[in-house]
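# Structural features, examined
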Amino acid sequence: MFKLKPLLFCCFTMAASTALAKSDSVDINIDVQQPGAVLNKNIYGQFMEHLGRGIYEGIWVGEDSDIPNQDGFRLDVLQALRELKVPLLRWPGGCFADEYHWRDGIGPRDERPRTVNSNWGGVIEDNAFGTHEFFAFAELLGAETYVNGNLGTGSPREMVEWLHYMTSDADTTIVRERKKNGREKPFKVDYFAVGNESWGCGGNMTPDYYADLYKQYSAFLKAPEDNMPKFIASGGTDDQTEWTRTLAEKVKPSWSLRMDAISHHYYTIPTSDWEVKGSATGFPEEEWFSALHRTLRIEDFIEENIAILDELDPEKKIGFYVDEWGTWYDVDEGTNPGFLYQQNTLRDAVIAGLNIHVFNRYAERVQMTNIAQMVNVLQAMILTDKEKMVLTPTYYAFKMHIPFQDATYLPVSIDNTPEYNHGDASIPAISASAAKAKDGNVYLSLVNTQLEGEVDVTLDEVKQVQGQVLSSEKMDEHNTFEQPENITPKAYSVSVKNGKAVVTVPAKSLMVLNLGQL
Ligand code: AHR
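Note that this is a predicted model, so its numbers are computed, not measured.

### Remarks on the overall build of the chain
Across its full length, the chain holds ten helices and 27 strands. Computed over its C-alpha atoms, the radius of gyration of the chain comes to 23 Å, within 12% of the 24 Å expected for a compact globule of 518 residues. Residues classed as buried in the chain amount to 57% of the 518 residues present. In the chain, once contacts between residues fewer than 6 apart in sequence are set aside, the share between residues at least 24 apart is 75%. Entry remark: accessible area of the chain is about 20800 Å², with carbon and sulfur atoms responsible for 49%. Once the 47 positive and 75 negative side-chain charges of the chain are each reduced to a mean point, those two points are 7 Å apart.

Here it is, written out as structure tokens:
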């Protein structure tokens, strides 16, 4: 007998109202019956480069510093990052990676060479933070590791020997050297990339030339089977697709040629003009809107690249990673232009939420992303000023999404979402993403992109509605060293009556709600 399956959709009805616009009503359906891919925890990965105060001061202060530290790593930052449950760290760059010679960063610190960081401010790099310090830091955080190799100014031999130094247990001279430097066991390298932005700072290459070099280098990159990293090829940026196509056509993974992923970069620049990018604070509505509008374009770019992979790699052996993303503004006044130091506001938290929603939707291929960068650089989690530290709205956005790490994606459909219009352009007023977490609860992440107009969300058939909301009256609300708690997430809950609850999503906000076991 034909029987209708019970619809296990969880239905939500929203009514948006603004002072200016009439109320809209929105339905959100979470399809708990059609779980998608696991959201690899490394979608929430972080990038740390030898750039400005990103590592030196931001993470590493040295054992002799007055700033309280553990083995040279500042304790306040370490503690904050532990609470963030950082799943993955990418190091040493970025553009820096293609000038980094790993041998400069091993052995007694006072004997390490002094070099110039020619990409970022031309400052002296004393190499105090090197391979051993990176892995010690990752181990303190319990994070996986992603090492970016030097294709630009290195050689196959240099790259091969670095991987051997890190991963091997054989009784070779190089492994003996690692042991002499204090590390008996091999380090765990989870990911290894061959070059960075090879279309630009990594060597101004064509995709064809890079693909050939990738094949050459990777033929020699060996590691023990039980400590084999995933190998990553440097891909394109923005709306480029030719890097993905060329790599997928020319590099056919085999036993001697590994390419586990191609990595794309996408930065959000409010004005789209690299000369005058827009300010991190004190910006007009125009730039609130344009930043959100531009950030959402990443979805088209991911979709276009994944379509190419679906055509050329139907078995889905090759991942599509985004190992650099985030906002990029004009540097804060009075700071070194080469240090990329910018404040971080509610706008950044909303942008983080929007990007996370996109990445979750494509999690089958997008198994890793790294926000740029973790401390003191671009869209940072944490800002420091010597001994002072402050947590940014982006930090809280990531913290609110911890339950999404390794959760199972649940499709969300939003009908009749109101549009946020500005000038000739518009974006959806509401963005959402849902997942079933490892604790069995369903979590819903919501963003209201509008500067005005809260949205009432009616939830049906829920067990509970408990979570957090990040919002403020001011669109550029931010924390400072003097006032570190101007903006922090606030607890949010509503009572559930007969399975029904009404949630009010404030204007310019990010919410993450635990809806219980559905
Ligand atoms: O994150 C800053 C820089 O942006 C990186 O070094 C580079 O890869 C990109 O251009």
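### Brief notes about the pattern of salt bridges
Here the structure, examined in full by the defined rule, presents 28 salt bridges. In this structure, Glu324 engages Arg90 in a salt bridge whose closest nitrogen and oxygen atoms are separated by 2.8 Å. On the criterion of sequence distance, the pair formed by Glu324 in strand β13 (residues 319-327) and Arg90 in strand β6 (residues 88-91) is long-range, its members being 234 residues apart. The two residues Glu324 and Arg90 agree in class, both being buried. One salt bridge connects Asp385 with Lys388, and the closest N-O pair in it is separated by 4.0 Å. On the basis of relative accessibility, which here comes to 33%, the residue Lys388 falls in the partly exposed class. The structure contains a network of salt bridges with shared partners spanning Glu63, Arg109, Arg112 and Glu133.

### Some points on the domain arrangement of the chain
Many authors give the size of an interface as the accessible area that is lost as the parts come together. Each assigned domain of the chain is listed with its residue range as follows: domain 1 (7-38 + 409-514) and domain 2 (42-275 + 316-406). One C-alpha centre belongs to domain 1, the other to domain 2; they are set 32 Å apart. Each partner contributes to the interface: domain 1 provides 39 residues, whereas domain 2 provides 31 residues. Linking domain 1 with domain 2 are zero salt bridges, by the criterion used here. Across the contact surface, domain 1 and domain 2 share eight residue pairs in polar contact (both at pLDDT 80 or more). At the level of secondary structure, the elements contributing two or more residues to the side of domain 1 that touches domain 2 comprise β21 (430-436), β22 (442-448), β24 (465-471) and β27 (509-514). Residues belonging to the side of domain 1 that touches domain 2 are distributed by class as follows: 21 nonpolar, twelve polar and six charged.

### Observations regarding the side chain of His401
Within the secondary structure, His401 is located in the loop between α10 (393-400) and β17 (408-410). With near-sequence residues (within four places) excluded, His401 lies in contact with Tyr44, Ile356, His357, Ser445, Leu510 and Val512.

### Side note on the environment of His264
With respect to the element layout, His264 can be found in strand β12 (residues 261-268). His264 sits in the buried class, given a relative accessible area of 1%. Sequence separation of His264 and Thr244 is 20 residues, and the distance between their C-alpha atoms is 8.7 Å. Each residue touching His264, except ones within four places of it in the same chain, is listed here: Gly236, Thr237, Asp238, Gln240, Phe301, Asn305, Phe320, Tyr321, Val322, Asp323 and Glu324. A distance of 3.3 Å separates a polar side-chain atom of His264 from the backbone oxygen of Gly236.

### Quick look at the packing of helix α3 (residues 156-167) against helix α4 (residues 173-180)
Look at α3 against α4: their axes get within 8 Å of each other, and the N-to-C directions meet at 55 degrees. For the element pair α3 / α4, the angle class is oblique. Crossing handedness for the pair α3 and α4: right-handed. Counted together, Glu161, His164, Tyr165, Met166 and Thr167 of α3 and Ile174, Val175, Glu177 and Arg178 of α4 form the full contact between these two elements. Broken down by class, the residue content of the contact of α3 with α4 amounts to four nonpolar, two polar and three charged.

### Thoughts on the sheet that holds β27
If you trace the six strands from one edge of the open sheet to the other, you get β17-β21-β22-β27-β24-β25, paired in antiparallel fashion. At either end of the open sheet lies a strand with only one pairing partner, and these are β17 and β25 (490-494). Taken over all neighbouring pairs, the strand axes of this sheet differ in orientation by 25 degrees on average, direction set aside. Looking at chain direction, β24 and β25 are connected through five bridges and run antiparallel. Paired with Gln466 across the bridge in β25 is Ser493.

### A word on the sheet that holds strand β9 (residues 144-149)
The eight strands are arranged β3-β6-β9-β10-β11-β12-β13-β14 in a closed barrel whose pairing can be described as parallel. In this sheet, adjacent strand axes meet at a mean angle of 30 degrees when their direction is disregarded. Pairing geometry for β6 and β9, over four bridges, is parallel. When the bridges of β9 are listed, Trp91 appears paired with Val147. Sheet contacts for helix α6 (residues 242-250): β11 (230-237), β12 and β13; angle to β11, the most-contacted strand, approximately 145 degrees. The strands touched by helix α8 (residues 298-312) are β12 and β13; relative to β13, the strand with the most contacts, the crossing angle is about 165 degrees.

### Some thoughts on the pairing of strand β14 (residues 369-372)
Side chains Thr369 and Ile371 project from β14 onto one buried face, and the interleaved Asn370 and Ala372 project onto a second face that is buried too. One ladder, built from three bridges, connects strand β3 (residues 45-47) with β14; its direction is parallel. What sits directly across from Phe47, in β14, is Ala372. Pairing of β13 with β14, which is carried by two bridges, proceeds in the parallel orientation.

### Focus: the site of the ligand
In the vicinity of the ligand, 14 residues are found, and the nearest of them are Glu49, Cys95, Glu197, Tyr267 and Glu324. The contact in question runs from an oxygen atom of the ligand to an N or O atom on the backbone of Cys95, over 2.8 Å. Taking 280 Å² as the accessible area of the ligand by itself, protein coverage stands at 95%. Residue composition of the shell around the ligand, by class: seven nonpolar, four polar and three charged.

Criteria and cut-off values
Residues numbered from 1 in each chain as written. Predicted model: local features only at pLDDT ≥ 70, side-chain atom pairs only at ≥ 80, totals over all residues. Heavy atoms only, no water. Helix = DSSP H or I, 4+ residues; strand = E, 2+ residues; numbered from the N terminus. Rg over C-alpha atoms; globule rule 2.2 N^0.38 Å. Buried < 20%, exposed > 50% of the residue type's maximum accessible area, 1.4 Å probe, protein only. Contact = heavy atoms within 4.5 Å. Areas by Shrake-Rupley, 256 points an atom, 1.4 Å probe, with all protein chains shown as cover. Lys, Arg positive; Asp, Glu negative; His and termini not counted. Charge placed at Lys NZ, Arg CZ, Asp CG, Glu CD. Salt bridge = Lys/Arg side-chain N within 4 Å of Asp/Glu carboxyl O. Domains from an automatic or database assignment. Polar contact = N/O pair within 3.5 Å; in protein donor to acceptor, adjacent residues only side chain to side chain. Nonpolar A, V, L, I, M, F, W, Y, C, P; charged D, E, K, R; others polar. Axes fitted to C-alpha atoms, helices over the stretch in contact; angles between N-to-C directions. Parallel < 35°, antiparallel > 145°, perpendicular 65-115°, else oblique. Left-handed = near helix turned anticlockwise from the far one by under 90°. Pairing = 2+ DSSP bridges. Near = heavy atom within 4 Å.

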